[in-house]
Amino acid sequence: MESSQGRKHLFDLKIPLGSLLGFYGVLLLLYGLLGPASVYTKSFNVNVNIIWGILMILIASAFLASSYLGRSTKH
Amino acid sequence: MTPVISMNFIDYTILAAYVIITIVVGYALKKYMKTSEDFFLSGRSLPSWITSLAFLSANLGALEVIGMVANSAKYGILTVHFYWIGAIPAMIFLGIFMMPFYYSSRVRSVPEYLKLRYNEATRGLNALSFAIMTLLMSGISMYAMALLFELMLGWSLTSSILLSAIVVLIYVFFGGLSSSIYNEVIQFFLIWLGLLPVVYIGLHAVGGFEGLVRRIPASFMHAWQPMSSAANNPMGVDWIGVVLGLGFVLSFGYWTTDFLVVQRAMASEDLAAARRTPLVASFPKMLVPIIVVIPGLLAVALLPQFKIASGAVAQGGATPDYNSALILMFAHYLPNGILGLAITGLLASFMSGMAGNVTAFNTVWTYDIYGSYIKKNMPDQHYLKMGKYATIFGVLFSVGTAYIVQSFPNLMDYMQLIFTFFNAPLFATFLLGMFWKKATPWGGFFGLLSGILAAAFHYFVLYRPGIVHYPSEMAANFYQAWWAWCADFVVTIVVSLFTAKKEESALAGLVYGLTPRPHSGSTLFRKPEFWAVVSLVMMVALNIIFW
């Protein structure tokens, strides 16, 4: 059977992963800012959506940036 | 029955975005699938950070998460044994000692190694039992998932089963192992990001870690102290059972020979990366208790039905449904938004668990059953196509199993039990195969068969009718694994002494002493040995801290 050893293939996973987490981050942040405050009685009035939204945006940016830098050093 | 959790449009948007991205990723991988190796082994081209996270996630299925949270609510911090002693030594052993044989011999599956090292019969026994068990387990976990989503969200069993089956079918059909691995990495992040808020808000509610310690029984905070005798701890296991049964046989049997996990390491870009895969994975593995053990302890501290300290459980009579511990934590403490993320994390681990089973099945089916016994020596494209058909068949068979289990719920425990018959002894066959060049082909076959039969004998003839007693079901399970392993080990050696050996030239690359020592990575951070030492030190330190 054919061997495909050494052939760099597949696209960079960091792009869909970063996009998904980035989308979640923005969504949570917006919902945390604009949504009803009543839902946070469950979490002792801590608006976890804002905190988690920002955190996820940071993680997503790290993935997307590292993917972008990785590509530009190769070429 | 009203659902425990009510999701709103934000939660559903989060769930839908996950489903869409998995299908897009699967479809986008389609054009890279040119040969059977691309489809079954990702063309052996993935970097070790991806294979490591997939290696870990393949074992972090939702059933496992729910079950381990339940264990922690029931037994406390003893549950860490499944993550530390019950995983780390085996992962290190795989990376340092076994991976060179798996990767350098260019075998494409675990059964194929058995064929090269022993004979066709040993491969056949392992391939058939693995293929059948994998699909049955996939069906069982699909059913369990459907039950959970019915309880949680009120979805019907059929709609959960169809949703997961269709999504998994689409992405594995197009992208093979690469799809499966990419989804496992996505799942890794979702399950951590989804469960950490429960820990954060829960700790906030009990007043930090000290507050948690004050509210749970003292024995819940020690991993080894209650282990001096089986009677002293709620798990009913002594330290010998934990070390031999869980730490040695079950853990090594699972992490070093189960193709579902080994396949992830085989997909690495080179030998050094393949060896680093389980070693790098051991670090997040040690930290998994943060998202499974702490929520279980928090459930004991916060939810009245699990309060053991106050005696509510002991006196109340009714045993709480420990499996609902995590879901009740979601329901009580997660506001909408973050709630959707947690549920998506669970759904993701269900789906990737199922996809993992399906990809391991289609590889073993195509290479070790179809390509070895049914149609040999066909062009590569033929096997690629067969892999895709096997994916469809595998998913349909899993759906069928899910419906059969629905009518006979007791089957579920039964099949999980039978699975251990096949898994436990296999490690003896590998250990002797890789490190003792005098082990003969028929020694391997009869050793493996004896191990399986010994496990069955122990269960059906000795344990079930009550001839031997154990303090708990778990202790019985640990000791059964140990005796099955011993039977395999002894029979393999005895039969090897009386049967014909293989030529040494046929064993090159397969056995220790006949294989060139692997070339380690160039820098310290690329050397597998470096990571093995760091990982081992960290594991010992954690055990001492939570002594």
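Residues numbered from 1 in each chain as written. Chains lettered and ligands numbered in written order. Predicted model: local features only at pLDDT ≥ 70, side-chain atom pairs only at ≥ 80, totals over all residues. Heavy atoms only, no water.

1. As for the overall build of chain B
To keep things clear, this is the line we draw: What counts as a helix is a DSSP run of H or I of at least four residues, what counts as a strand is a run of E of at least two, and both are numbered from the N terminus. For the radius of gyration, the atoms used are the C-alpha atoms, and the globule rule reads 2.2 Å times the number of residues raised to 0.38. Exposure categories follow from relative accessible area, calculated using a 1.4 Å probe and restricted to protein chains: below 20% of the type maximum is buried, above 50% is exposed, and the middle band is partly exposed. We call two residues contacting when some pair of their heavy atoms lies within 4.5 Å. To measure how exposed things are, a 1.4 Å probe is used in the Shrake-Rupley method; for residues, cover is taken only from the protein chains shown. Charged residues are defined here as Lys and Arg on the positive side and Asp and Glu on the negative side; His and the ends of the chain fall outside this count. One atom stands in for each charge, and that atom is NZ of Lys, CZ of Arg, CG of Asp or CD of Glu.
Along chain B, the regular secondary structure elements total 21 helices and 0 strands. Computed over the C-alpha atoms, the radius of gyration of chain B is 23 Å, within 12% of the 24 Å expected from 2.2 N^0.38 for a compact globule of 547 residues. Taking all 547 residues of chain B together, the buried fraction comes to 65%. Across chain B, every contact between residues at least 6 apart in sequence was considered, and the portion connecting residues at least 24 apart equals 83%. For chain B, the exposed area adds up to about 19300 Å²; of that, 69% sits on carbon and sulfur atoms. Positive and negative side-chain charges of chain B, numbering 29 and 22 respectively, have mean locations separated by a distance of 6 Å.

2. Describing the overall build of chain A
A tally of helices and strands in chain A yields 2 helices and 0 strands. Within chain A, the fraction of its 75 residues that count as buried is 39%. If you take every contact in chain A between residues at least 6 apart in sequence, the share linking residues at least 24 apart comes to 65%. On chain A, roughly 4200 Å² of surface is accessible, and the fraction owed to carbon and sulfur atoms is 69%.

3. Quick word on the confidence of the model for chain A
Threshold: Every residue carries a pLDDT, the predictor's confidence in it, which falls somewhere between 0 and 100.
Here chain A averages 82 in pLDDT, and 83% of its residues register 70 or above. Considering only residues more than four positions removed or in separate chains, one finds that residues 1-7 of chain A, a stretch of pLDDT under 50, has 20 contacts.

4. As for the packing of aromatic side chains
Residue and element names in this part refer to chain B. Note the cut-off: Each pair of aromatic rings taken from Phe, Tyr and Trp, with Trp reduced to its six-membered ring, is defined by centres within 6.5 Å and is described as stacked if the planes are under 30 degrees apart, edge-to-face if over 60, and tilted in the remaining cases. To sit over a ring, a charge needs its Lys NZ or Arg CZ within 6 Å of the ring centre and within 35 degrees of the ring normal.
Within the structure shown, the criterion is met by 51 aromatic pairs over all chains. Plain terms: the ring middles of Tyr 27 and Phe 174 are 5.0 Å apart, the flat faces sit at 90 degrees to each other, and that makes the pair edge-to-face. In this pair, Tyr 27 sits in helix α1 (residues 9-29) while Phe 174 sits in helix α8 (residues 157-206), placing the two residues 147 residues apart along the sequence. When its relative accessible area of 48% is taken as the criterion, Tyr 27 is described as partly exposed. Pairing Tyr 102 with Phe 430 gives two aromatic rings, centres 5.9 Å apart and planes at 45 degrees, and the pair type is tilted. Placement of Tyr 102 in helix α5 (residues 88-104) and of Phe 430 in helix α18 (residues 410-435) is noted, with a sequence separation of 328 residues between them. For Tyr 102, a relative accessible area of 0% gives the class buried. In textbook terms, an aromatic cluster arises when at least three aromatic residues are bridged by ring pairs, as seen for Phe 93, Phe 97, Phe 101, Phe 248, Phe 252, Phe 427, Phe 435, Trp 482, Trp 483, Trp 485, Phe 489 and Tyr 512. Over the ring of Tyr 103 we find Arg 44; its NZ or CZ atom is 5.6 Å from the centre of that ring.

5. Overview of the confidence of the model for chain B
Of the residues in chain B, 96% have a pLDDT of 70 or more, and the chain-wide mean is 86. In the predicted structure, residues 309-316 of chain B sits below a pLDDT of 50 and forms 11 contacts with residues beyond four places in sequence or in another chain.

6. Examining the environment of Leu21(A)
As for its position among the elements, Leu21(A) is in helix α1 (residues 14-34). Leu21(A) sits 38 residues away from Ile59(A) along the chain, and the two C-alpha atoms are 7.5 Å apart. Leave out the neighbours within four places in its chain, and Leu21(A) touches Met56(A), Ile59(A), Ala60(A), Phe63(A), Phe189(B), Leu190(B) and Leu193(B).

7. A short note on the interface of chain B and chain A
Filter applied, for reference: The term buried area means the drop in 1.4 Å probe accessible area that two parts suffer when joined, counted for both and summed. Note on definitions: salt bridges are taken to be side-chain nitrogens of Lys or Arg within 4 Å of carboxyl oxygens of Asp or Glu. Any N or O atom pair separated by 3.5 Å or less is treated as a polar contact, with the protein-specific requirement of one donor-capable and one acceptor-capable atom, and with residues adjacent in sequence counted only for side-chain atom pairs. When residues are sorted by character, Ala, Val, Leu, Ile, Met, Phe, Trp, Tyr, Cys and Pro go into the nonpolar class, Asp, Glu, Lys and Arg into the charged class, and all the rest, Gly among them, into the polar class.
Residue-level contacts link 54 residues of chain B with 35 residues of chain A. With both sides pooled, the region where chain B packs onto chain A buries about 3900 Å², and carbon together with sulfur makes up 73% of that total. Between chain B and chain A we count 0 salt bridges in total. The tally of links from chain B across to chain A stands at 9 residue pairs in polar contact (both at pLDDT 80 or more). Of all the secondary-structure elements, those providing two or more residues to the side of chain B that touches chain A are α1, α2 (36-41), α3 (48-57), α8, α15 (325-333), α16 (338-374) and α17 (380-407) of chain B. A class-by-class count of the residues in the side of chain B that touches chain A yields 34 nonpolar, 13 polar and 7 charged.

8. Observations regarding the pattern of salt bridges
Residues and elements named next belong to chain B. Inspection of every chain in the model, using the stated rule, returns 7 salt bridges over all chains. Of the charged contacts in the structure, one is a salt bridge between Arg 108 and Glu 112, with a shortest N-O distance of 3.1 Å. Look at Glu 112 and you get buried, because its relative accessible area is 13%. A salt bridge links Glu 184 to Arg 264; the shortest N-O distance between them is 2.8 Å. Taken as a pair, Glu 184 in helix α8 and Arg 264 in helix α11 (residues 259-266) lie far apart in primary sequence, 80 residues in all. Comparing Glu 184 with Arg 264 shows no difference in burial state: the two are buried.

9. As for the nonpolar core
All names here are of chain B. So the rule is basically this: Take the buried Ala, Val, Leu, Ile, Met, Phe, Trp, Tyr and Cys residues and link them wherever side-chain atoms come within 4.5 Å; each set so joined is a nonpolar core.
In terms of nonpolar packing, the biggest core is built from 225 residues, with Ile 5, Tyr 102, Phe 149 and Phe 330 touching the most fellow members. Considering each element in turn, this core owes the most residues, 24 residues, to α8. Dropping the residues within four chain positions of it, Phe 149 is found in contact with Gly 154, Trp 155, Ser 160, Ile 343, Leu 347 and Phe 350.

10. Side note on α15(B)
All names here are of chain B. Burial runs high along α15: 8 of the 9 residues are buried. Inspection of α15 places Ala 325, Leu 326, Ile 327, Leu 328, Met 329, Phe 330, Ala 331 and Tyr 333 among the buried residues, and these make up the whole buried set. Those residues of α15 that are buried are in contact with α4 (62-75), α7 (120-153), α8, α13 (289-302) and α16.

11. A few points about the environment of Tyr403(B)
All names here are of chain B. Among the secondary structure elements, Tyr 403 is positioned in helix α17. Among the residues examined, Tyr 403 registers a relative accessible area of 30% and is labelled partly exposed. Sequence separation between Tyr 403 and Thr 158 is 245 residues; the distance between their C-alpha atoms is 8.9 Å. When neighbours within four sequence positions are excluded, Tyr 403 is seen to be in contact with Thr 158 and Ile 161. Among the polar contacts made by the side chain of Tyr 403, one reaches the side chain of Thr 158 at a distance of 2.9 Å.

12. Concerning a nonpolar patch on the surface
All names here are of chain A. Put simply, the rule is: Within the patch definition used here, like charges are joined within 9 Å and nonpolar side chains (Val, Leu, Ile, Met, Phe, Trp, Tyr) within 5 Å, considering only residues with over 30% relative accessible area and no salt bridge.
On the surface, Val 26, Leu 30, Leu 33 and Leu 34 cluster together to form a nonpolar patch covering roughly 410 Å² of accessible area. Of note, Leu 34 is situated in helix α1. Here Leu 34 falls in the exposed class, since its relative accessible area comes to 71%.

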